Amino acid sequence: MKQILPSTPGPIGVFDSGYGGLTILSKIRETLPQYDYIYLGDNARAPYGTRSFEVVYEFTLQAVIKLFGMGCQLVILACNTASAKALRSIQMNDLPRLDPTRRVLGVIRPTVECIGSITRSRHVGVLATAGTIKSESYPLEVHKLFPDIKVSGEACPLWVPLVENNEAQGDGTDYFVRKYINELLAKDRLIDTVILGCTHFPLLLPKIQQYMPAGITTVTQGELVADSLKDYLSRHPEIDKKCTKGGRCVYRTTESEDKFTESASVFLNESIKVERIEL
Ligand code: DGL
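Residues numbered from 1 in each chain as written. Predicted model: local features only at pLDDT ≥ 70, side-chain atom pairs only at ≥ 80, totals over all residues. Heavy atoms only, no water.

A. Structural view of the overall build of the protein chain. What the protein chain contains, in helices and strands, is 13 helices and ten strands. Scaling as 2.2 N^0.38, a compact globule of 279 residues should have a C-alpha radius of gyration of about 19 Å, and the protein chain matches this with 18 Å. C-alpha atoms of the protein chain, sized along the principal axes, occupy 55 × 40 × 35 Å. Counting over 279 residues, the protein chain shows a buried share of 55%. Here the analysis covers contacts within the protein chain between residues at least 6 apart in sequence; of these, 79% occur between residues at least 24 apart. The positive charge centre, built from 32 side chains, and the negative charge centre, built from 32, are 4 Å apart in the protein chain. (Helix = DSSP H or I, 4+ residues; strand = E, 2+ residues; numbered from the N terminus. Rg over C-alpha atoms; globule rule 2.2 N^0.38 Å. Buried < 20%, exposed > 50% of the residue type's maximum accessible area, 1.4 Å probe, protein only. Contact = heavy atoms within 4.5 Å. Lys, Arg positive; Asp, Glu negative; His and termini not counted. Charge placed at Lys NZ, Arg CZ, Asp CG, Glu CD.)

Written as structure tokens, this is what we have:
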């Protein structure tokens, strides 16, 4: 069904399957505090990491349409799984028919762009959800920019549930943090740079750093995405002027409001107000 979308300036939409995108949102807000934001977490249907290509695409498109309907002219998919499985189709097939003047951006490209200047051995590892690893998005994007870099990936299916269940600091978590790091490094002993290719993983950073061998650089995405967005808005004044600047941020979830408020405080270190919506 063709929707009539508002064309007036609006907040920047930030979407994730759940809470992970909050790690990206907080870095974006630190770098670009003057803009208005709507954060949308599809918590009722998270995690996306084990879902099929078609389902992740369908859910992500619903979220983008919702954010467009709420006035967003620019939407950031602050989720690697959605960026890997849905971004390209939305940009190529859906935006032209929905509204070619709006923009949807992801988190993989800005992460990959910095890799060439970090790795010396030209051997890079990626830790991400099963969906992101299976999509091969990281090796594909890395090779477009840096054909000489070898990329190995390891799916970490238990990390998102551990974070979502507030076990990031739990004793049992050490086992699974060590396990996936060791499995990744066993694939290629020359890896000197590891990308945390899931927006939930920064919450595990203290444990990841504990088990990552010295000399390996761990790359998180928040600042890279924030800097890349800043650069994008300065290069695209026509999009920048469609983003309102009042320094406000509102939160929407598809799950219960109480649950979101409680868990989001772990990610944001502040208490927030959230409203439940349906996609
Ligand atoms: N935050 C999502 C990502 O970056 C993963 C969470 C999920 O599996 O839904 O990939």
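Let us keep going from here.
B. Up close: the packing of helix 2 (residues 53-69) against helix 4 (residues 87-98). It is at 12 Å that the axes of helix 2 and helix 4 come closest, and there the two elements cross at 40°. The pairing of helix 2 with helix 4 is recorded here as oblique in orientation. Between helix 2 and helix 4 lies a crossing whose hand is right-handed. Every residue of helix 4 that contacts helix 2 at Phe53, Tyr57, Thr60, Leu61, Val64, Ile65 and Phe68 is listed here: Ser89, Ile90, Asp94, Leu95, Arg97 and Leu98. (Axes fitted to C-alpha atoms, helices over the stretch in contact; angles between N-to-C directions. Parallel < 35°, antiparallel > 145°, perpendicular 65-115°, else oblique. Left-handed = near helix turned anticlockwise from the far one by under 90°.)

C. The arrangement of helix 2 in detail. If you check helix 2, its first and last C-alpha atoms are 24 Å apart, about what 17 residues at 1.5 Å a residue would give, namely 24 Å. Against strand 1 (12-16), strand 2 (37-41), strand 3 (74-77), helix 3 (80-85), helix 4 and strand 4 (103-105) lie the buried residues of helix 2. (Expected span 1.5 Å × (residues − 1).)

D. Inspection of the environment of Tyr251 at higher detail. Within the element layout of this structure, Tyr251 appears in strand 9 (residues 249-253). Using a relative accessible area of 3% as the deciding quantity, one classes Tyr251 as buried. When the C-alpha positions of Tyr251 and Val14 are compared, they lie 9.6 Å apart, and in sequence the two are 237 residues distant.

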